[in-house]
Amino acid sequence: MQDKTIVELLKSEKTHVDVTVRGWVRSFRSNRFIALNDGSTIKTLQCVVDFENFEEEILKKVTIGAAIEVTGTLVESQGQGQTVEIQVSKLTVLGEANPEDVKLTILSPKRHSLETLREQAHLRIRTNTFGAVMRTRSKLAFAVHEYFQKNGFNYMHSPIITGSDAEGAGEMFRVSNLDAKNPPLDENGTVNYKEDFFEKETNLTVSGQLEAETYAMALGKVYTFGPTFRAENSNTSRHLAEFWMIEPEVAFNDLDANMDLAEDFIKYVVNYALENCADDLEFLENRLLEEEKNKPEAERSEMKLREKLQFILENNFKRVTYTEAIDILKRSKPNQKKKFKYIIEEWGADLQSEHERFLVEKHFKCPVILFDYPANIKSFYMRLNDDGKTVRAMDVLFPGIGEIVGGSEREERYDVLLQKMKTMNIDEKELYWYLDLRKFGTATHSGFGLGFERLVQFTTGMGNIRDVIPYPRTPGNAEF
Ligand code: 4AD
Ligand code: MG
């Protein structure tokens with residue numbers, strides 16, 4: 001007798017053996033065929049019951065969503081689309097699921113909108129779509145570690161609670177044990193954080209970069225992969241208040257090497273998903289094809305999901321300076337310009353996602369790495385170029401996503417960094433440790449951050465970021 005998962009059984013070449021499987025019922029046809037899923041694969045295992053051999057009371061409980069255990073003989077299947085099935089000899093209902101409960105309707109074979117499924121985040125994972133997305137997410141996470149570990153990087157756990165605002169953008173969630181309704185005040189009437197548990201103002205990290213830099217300047221190559229938080233009130237299909245970020249940081253890498261790393265890394269993980277998530281990606285691709293049928297022809301995608309992924313692997317990311325991008329946008333045709341909500345008039349303007357997507361999807365028609373941005377629209381830590389007005393920043397822009405990576409070569413010159421912090425009003429005392437790096441054995445170094453959910457979105461073709469993370473945190477949404 002063997003206990004195996006369905007994914008293993010479906011691959012097994014040995015039949016006429018007794019097996020036991022457990023899972024949740026997807027359907028029960030003609031009181032004879034149970035489609036069983038255990039989450040190990042998108043596929044179901046057909047379990048054939050000879051209803052005369054089982055009590056009616058038990059069979060009645062075999063309803064959609066119920067947890068059951070079956071034991072029987074694995075045999076070749078005559079049915080279409082499956083190689084093996086189980087001839088059931090023993091059937092136990094482990095946990096019933098009331099088919100009348102409205103919550104369970106999301107498990108019925110009828111298609112439900114993703115919005116409806118979002119309302120039941122704890123049950124939506126039982127659907128094929130979410131099973132496929134979350135298995136792919138898990139594989140991608142593994143591929144991230146595999147890539148860096150194979151390439152000599154050390155995994156660094158950067159702190160979640162921190163005093164620093166790595167991006168200097170002030171979009172932080174405060175962490176405090178002070179009584180919010182009745183905080184201790186100092187003589188000026190401002191909150192006295194000295195009485196706080198951490199004795200200073202602390203927040204949830206927006207990025208592990210600054211801490212990762214300190215480690216890169218000792219271990220050479222490091223990466224972080226953990227949750228990060230942004231208190232920005234962006235209600236879009238690309239923003240979360242809590243998201244996972246991957247941040248490699250490498251000593252002695254300049255911006256060109258940073259771009260090479262980002263491209264190589266993304267191609268590795270996308271290829272890993274293509275090779276290891278075939279069934280799930282096939283399902284998601286078909287799902288998208290169904291969805292596209294409802295769209296006007298002009299809006300339908302020219303490529304299928306897996307073709308898009310393959311395309312990324314086979315093409316070089318186009319490297320373009322910010323200045324070139326602005327020229328392209330300024331020169332774009334009047335009917336295209338009309339489509340922009342915000343028209344780029346001059347050098348120095350920040351690109352909106354509509355411009356990024358135009359460059360990638362309409363102009364270059366491939367992933368783009370934009371670099372050398374104006375200093376005053378980017379963070380304080382980026383290395384100033386010799387022109388005195390641009391910094392060694394890079395953003396990787398992806399079709400359907402927009403910005404997937406943001407990174408830079410870091411300012412390694414003490415005086416230049418200090419001056420920059422002063423003009424940008426960044427407290428040099430708070431960041432003394434960051435400045436210290438520039439005093440003791442400073443060197444060129446660079447890194448980037450990749451938003452993991454945006455990568456999962458791209459790989460699975462899901463349109464909304466809320467559907468690629470188990471429990472999305474967005475403004476007004478943190479039920480549990
Ligand atoms: O461009 P960002 O803000 O860069 C940093 O945080 C740097 N410290 C990274 C570094 O150089 N080590 O964020 C990096 C990436 C973005 O390109 C995007 O993919 C993702 O993180 N991201 C978000 N993803 C989901 N929701 C949000 N609110 C996000 N904000 C950024
Ligand atoms: Mg960015």
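Residues numbered from 1 in each chain as written. Chains lettered and ligands numbered in written order. Predicted model: local features only at pLDDT ≥ 70, side-chain atom pairs only at ≥ 80, totals over all residues.

Going by the annotation in an unreviewed UniProt entry, the name recorded for the protein chain is Asparagine--tRNA ligase, with Aequorivita sublithincola given as the source organism. The record held by UniProt for the protein chain lists under Subcellular location (unreviewed entry) the comment "Cytoplasm". Note on the protein chain: under the UniProt heading Sequence similarities (unreviewed entry), the record states "Belongs to the class-II aminoacyl-tRNA synthetase family." (UniProt positions renumbered as here; feature names shortened; annotations may be inferred.)

Draft legend 1. A look at the domain arrangement of the protein chain. Along its sequence, the protein chain is carved into domain 1 (2–105) and domain 2 (129–171 + 206–467). Between domain 1 and domain 2, the contact holds 4 residues from the first and 5 residues from the second. For the side of domain 1 that touches domain 2, the per-class residue count stands at 1 nonpolar, 2 polar and 1 charged. (Domains from an automatic or database assignment. Contact = placed C-beta atoms within 7 Å. Nonpolar A, V, L, I, M, F, W, Y, C, P; charged D, E, K, R; others polar.)

Draft legend 2. Region of the structure containing the sheet that holds strand β8 (residues 161–162). Taken in spatial order, the 3 strands of this open sheet run β8-β10-β9, and their pairing is antiparallel. Strands at the two margins of the open sheet, each flanked by one partner only, are β8 and β9 (174–175). Direction of pairing for β9 relative to strand β10 (residues 202–204): antiparallel, over a ladder of 2 bridges. Bridge pairing in β10 places valine 175 opposite threonine 202. (Pairing = 2+ DSSP bridges. Helix = DSSP H or I, 4+ residues; strand = E, 2+ residues; numbered from the N terminus.)

Draft legend 3. Looking closely at the site of ligand 1. If you check the shell around ligand 1, you find 23 residues, and the closest are Ser207, Gln209, Gly406, Gly449 and Gly451. Listed by contribution, the elements that provide at least two residues to the shell around ligand 1 are β12 (242–251), β16 (402–409), β17 (445–451) and α14 (452–460). With 6 residues, β16 is the largest single contributor of residues to the shell around ligand 1. Residues belonging to the shell around ligand 1 are distributed by class as follows: 8 nonpolar, 9 polar and 6 charged. (Near = placed C-beta within 6 Å.)

Draft legend 4. Focus on the nonpolar core. Grouped together as the largest cluster of nonpolar side chains are 87 residues, with contacts concentrated most on Val269 and Val396. Once you skip the residues sitting within four places of it in the chain, valine 269 turns out to touch Leu140, Ala143, Val144, Tyr147 and Leu455. Ile6, Ile34, Val49 and Val62 belong to the second-largest nonpolar core, a separate cluster that totals 20 residues. (Core = buried A, V, L, I, M, F, W, Y, C linked by C-beta atoms within 7 Å. Buried ≥ 20, exposed ≤ 12 C-beta atoms within 10 Å, placed from the backbone.)

Draft legend 5. Region of the structure containing the sheet that holds strand β14 (residues 368–374). Spatially, β7-β11-β12-β17-β16-β15-β14-β13 is the arrangement adopted by the 8 strands of the open sheet, whose pairing is mixed. Where the open sheet ends on each side, the last strands, each with one partner, are β7 (154–155) and β13 (318–321). Bridge analysis of strand β15 (residues 390–398) against β16 gives 6 bridges, and the strand direction is antiparallel. The partner of alanine 393 across the bridge, within β16, is serine 408.

Draft legend 6. The arrangement of the pairing of β12 in detail. Burial within β12 is extensive, with 8 of its 10 residues counted as buried. In this structure, strand β11 (residues 221–229) lies alongside β12, joined through 9 bridges in antiparallel fashion. Looking across to β12, one finds that tyrosine 223 is bridged to proline 248.

Draft legend 7. Spatial organisation of the UniProt feature "domain: Aminoacyl-transfer RNA synthetases class-II family profile" (unreviewed entry) in the protein chain. In the UniProt entry, the feature "domain: Aminoacyl-transfer RNA synthetases class-II family profile" (unreviewed entry) is given for residues 134–470. Strand forms 19% of residues 134–470 and helix 38%; the C-alpha atoms that close the span are 8 Å apart.

Draft legend 8. Spotlight on unusual backbone geometry. At aspartate 372, a residue that is not glycine, the phi angle is positive and equals roughly 55°. Relative to the helices and strands, aspartate 372 resides in strand β14. Its 20 C-beta neighbours within 10 Å are what place aspartate 372 among the buried residues.

Draft legend 9. The arrangement of the environment of arginine 331 in detail. You can see arginine 331 is positioned in helix α9 (residues 322–331). For arginine 331, a count of 9 C-beta atoms within 10 Å puts it in the exposed group.

Draft legend 10. Summary view of the pairing of β17. In terms of burial, β17 is largely enclosed, as 7 of its 7 residues are buried. With 5 bridges connecting them, β12 and β17 associate as antiparallel partners. Bridge pairing in β17 places alanine 251 opposite histidine 445. With 5 bridges joining them, β16 and β17 adopt antiparallel strand pairing. Following the sheet pairing, valine 405 is matched in β17 by leucine 450.

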